[in-house]
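# Structure at a glance
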Amino acid sequence: MNPTLDPAAVSRLAERVLGHARGIEISTLDDVASPGSGGHPTYEYRASGGVVQVSATDTPAANAGLYAYLKDICGVQVTWDTPLPLGIAAPWPDAEPVRRSTPARHRYYLNVVTSGYSAPYWGWERWQREIDWMALHGITMPLTTIAHEAVLSRAFVAHGADPADVLAWIGSSAHLPWTLMGCTNGFGGPLPRGWFDKRLELAQRVVDRQRELGMRAVLPAFDGHVPDSLATPSTPRTTWQGFATALLDPHESVFSEIAESVARTQAELLGTDHLYSADPFIESIPPSGEVADLAAHTAAVYRGMSAADPEATWVMQAWPFHYHPQFWTAERIAAVTGAVPDARLLLLDLWAEHAPVWNDGRGIPDTPWLWCAVHNFGGRFSVHGDLHGLTRDLGGVLDAARSGGEQVGRLVGTGLAMEAIENNPVFYELATDLTWATPDVDSWVRDYAIQRYQLRGAPPSARESGVRAWELLLTTLYRPGASRSTPSPLIARPWDLDPPFARQRSAGEFLDPDAPVLISANIDAESDPRVEGDLPAIAQAAAHLLVAAGDAPHSAALATDLVDLLTHLVAQRSRAVIRALPEAARAADADGVARLGEILTRALGDLDRLAATQRDRLLGTWLADAARWGDDADERDTLVRDARRLLTVWARQDSGLHDYSGRHWAGLLAGFYLPRWQLWIDWLAGAAAGRTDPTSFRNAVEELEESWATRTTIGATEPAGDVLEIAAELLARYREPVV
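Small disclaimer: the values here were computed from a predicted structure and weren't measured. (Residues numbered from 1 in each chain as written. Predicted model: local features only at pLDDT ≥ 70, side-chain atom pairs only at ≥ 80, totals over all residues. Heavy atoms only, no water.)

In this section: the packing of helix 9 (residues 253-270) against helix 10 (residues 291-308). Direction vectors running N to C along helix 9 and helix 10 enclose 40°, while the axes themselves pass 7 Å from each other. As summarised for this structure, helix 9 and helix 10 are arranged oblique, according to the angle between their axes. For the element pair helix 9 and helix 10, the recorded crossing hand is right-handed. Judged by residue contacts, Phe-255, Ala-259, Glu-260, Ala-263 and Arg-264 of helix 9 engage His-297, Ala-300, Val-301, Gly-304, Met-305, Ala-307 and Ala-308 from helix 10. In terms of residue class, the contact of helix 9 with helix 10 is built from eight nonpolar, two polar and two charged. (Axes fitted to C-alpha atoms, helices over the stretch in contact; angles between N-to-C directions. Helix = DSSP H or I, 4+ residues; strand = E, 2+ residues; numbered from the N terminus. Parallel < 35°, antiparallel > 145°, perpendicular 65-115°, else oblique. Left-handed = near helix turned anticlockwise from the far one by under 90°. Contact = heavy atoms within 4.5 Å. Nonpolar A, V, L, I, M, F, W, Y, C, P; charged D, E, K, R; others polar.)

Under the criterion given, the structure shown has 43 salt bridges. The shortest N-O distance in the salt bridge between Asp-632 and Arg-193 comes to 2.9 Å. Placement of the pair is Asp-632 in the loop between helix 22 (619-627) and helix 23 (633-647) and Arg-193 in the loop between helix 7 (176-180) and helix 8 (195-212), with a sequence separation of 439 residues. The exposure class of Asp-632 is partly exposed, given its relative accessible area of 23%. By relative accessible area, Arg-193 is classed as exposed at 67%. Measuring nitrogen to oxygen at the nearest pair gives 3.0 Å for the salt bridge that ties Arg-579 to Glu-526. Of the two residues, Arg-579 is situated in helix 20 (residues 556-586) and Glu-526 in the loop between helix 17 (501-504) and helix 18 (530-533); the sequence distance between them amounts to 53 residues. The exposure class of Arg-579 is partly exposed, given its relative accessible area of 26%. By sharing partners, the salt bridges in this structure join Arg-493, Asp-659, Arg-676 and Glu-705 into a single network. (Salt bridge = Lys/Arg side-chain N within 4 Å of Asp/Glu carboxyl O. Buried < 20%, exposed > 50% of the residue type's maximum accessible area, 1.4 Å probe, protein only.)

A few words on the nonpolar core. Grouped together as the largest cluster of nonpolar side chains are 263 residues, with contacts concentrated most on Tyr-109, Trp-127, Phe-156, Phe-222 and Trp-371. Per-element accounting of this core gives the leading share, 16 residues, to helix 20. If we ignore the near neighbours within four places in the chain, the residues touching Phe-156 are Ala-161, Val-166, Trp-169, Phe-222, His-225, Val-226, Pro-227, Leu-230 and Ile-258. (Core = buried A, V, L, I, M, F, W, Y, C linked by side-chain atoms within 4.5 Å.)

Our next topic: the side chain of Ser-382. Tracing the backbone shows Ser-382 in the loop between strand 14 (369-373) and helix 13 (387-402). Exposure remark for Ser-382: the relative accessible area of 7% places this residue in the buried category. A polar atom in the side chain of Ser-382 sits 3.1 Å from the side chain of His-384. Once residues lying within four places of it in the same chain are set aside, the contact partners of Ser-382 are Asn-424, Ser-485 and Thr-486. (Polar contact = N/O pair within 3.5 Å; in protein donor to acceptor, adjacent residues only side chain to side chain.)

As for its position among the elements, Arg-12 is in helix 1 (residues 7-18). Separated by 201 residues in sequence, Arg-12 and Leu-213 place their C-alpha atoms 9.5 Å apart. When residues no more than four places from it in sequence are discounted, the contact partners of Arg-12 are Asp-6 and Glu-212.

This brings us to the packing of aromatic side chains. Scanning the model with the defined rule gives 33 aromatic pairs in all. Aromatic pair Tyr-109 and Trp-133: ring centres 5.1 Å apart, planes at 25°, arrangement stacked. Taken together, the positions of Tyr-109 in strand 5 (residues 106-109) and Trp-133 in helix 4 (residues 124-136) put the pair 24 residues apart, joining distant regions of the chain. When its relative accessible area of 0% is taken as the criterion, Tyr-109 is described as buried. (Phe/Tyr/Trp six-rings, centres within 6.5 Å; stacked < 30°, edge-to-face > 60°.)

See the structure below:
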């Protein structure tokens, strides 16, 4: 497939992002070999006489070239919190020619679970904006799982499954990604009656727009997991977090029949770009470790794709090889990769920014592979990212690929595979810029601050304050080594007399007990003195942003970052309070417990007020979006309950996933976390008097969680309060330690 350039599609993108496309000319870059004949995707921009010219090898490169001009020359960014259209008026500023290219032929985007943690309830308007974000950031391969449950349902019913059983097996709208990967089934729901038709219509619009902008949608394929009505008592099962799901034997004829049916049905409904995602053992140990069995299952999955589409390429997450490193030996990995024809498999090294598998000696780079970053887990709050490390690692493999270096093997692309989006835009701006060139990080961050807050024409005091804030953040939250999230103590689940921080390190993840190193998405904040030691500098960065906000026009990005920094500051100042509370109880200091309890609950209330100033940090926004997919009160109530549960208990009480997707949102902070902490404070008051039996306390915690998760109220959907006033108040209160 030779990439082509569609100037009209790029112009329409400009109209949506800028409000117009006047003075923008798009053309094919003629003096560069096309990617299809071995050259690298390339763009070039230049501007003179009020006209900007973007030339490129293909549509995605042209999209990225347009955005590069907007950032480099116009000093603006388009991130998740940017109000659109930008409204920049022509004529365009002059620019000398700038040409950039990338060896990353494939630029992947999204994680299977992003459609659960961020996008389960998005409609067309929100998806259209996200697709434009993808286009500007040069994405070529977006994972698109919308409506796959409808495809599976049709195939299952066609092969004899009862429609009611299939609906029950699919379960909750919020938990669909995990059902589609064979992790969960039969939990929550049911889906609304009109869900399948609405989602199919949405999926069709999404893939059409992606293709218009030069992207190739990665669509799901059948991996072997089925409802019990299509299994037998002897059918193997995979297990995950207490759930068990039937996995067909690849030698059974029904496996290949369903696999082909899924692929053909999906192609009829959504077309195909010949890229398919399937992960039968994403976090589960396969039923058999025999290399022949692993190869047979892999071959059966691929046969299903290729029977319907002879040009099929499997896009496989290499996450299992990280997650269960002792099981996935080089021999077993080779059995999987060798069961797919050469060049028909793309491996995603999902967490390469922190725990890469491509260079661990198990043979990953022998297969075409993509360097990917996860960065965010579960959508839980954390302001973090190792920008120097990202530049070193991602920039390093791309620079090696540019020079034909054998040390990176068959590297063919890059990817962003975050579990949730709309956080830490600096990390993703740098990652997508690195695709095209490797910058000096310090200079890049100074430019980032000016672009993010649109400070190029602002007073010098505002520019200096914005840049100084980011110079401080580059040495703290975004310092070298900050590749994992800092757990929020306010989202920790109190359970006994000790502070609940130790359990927070894993945050619902399975850590392979046989692995040589236990790798978590969270740092051990209690053992890292920088967590609290960096707070004065982070407070100073927030103070600089307040100055910039006072000296520059209103900026949604400034508000976002102020709320992020102050949320981190208040949450981490609360760590010492939570640590001191059980100490007071053990010392029989009831007055101390009461005093510390007041400080802790005030912090939760303060952050609830701060979050309430931002529409995207309102629990009600999330719940209202969920409810909109229901056609009557019962359907809306079901959707709301499932949406509430994902953020809190996640699944059942015994699944071990509590607070994996915890958020610092108004409505959650004051309505869920605060009353849960209050139970602990009250119990510690009793412990100070000698009553330490935790049974009644733990029962009360579970009752509160279940009661909250099963409510159907939505709450506020409009922001309230002045963000700058509340930010100044909280900075004054929490700049210094509170205990």
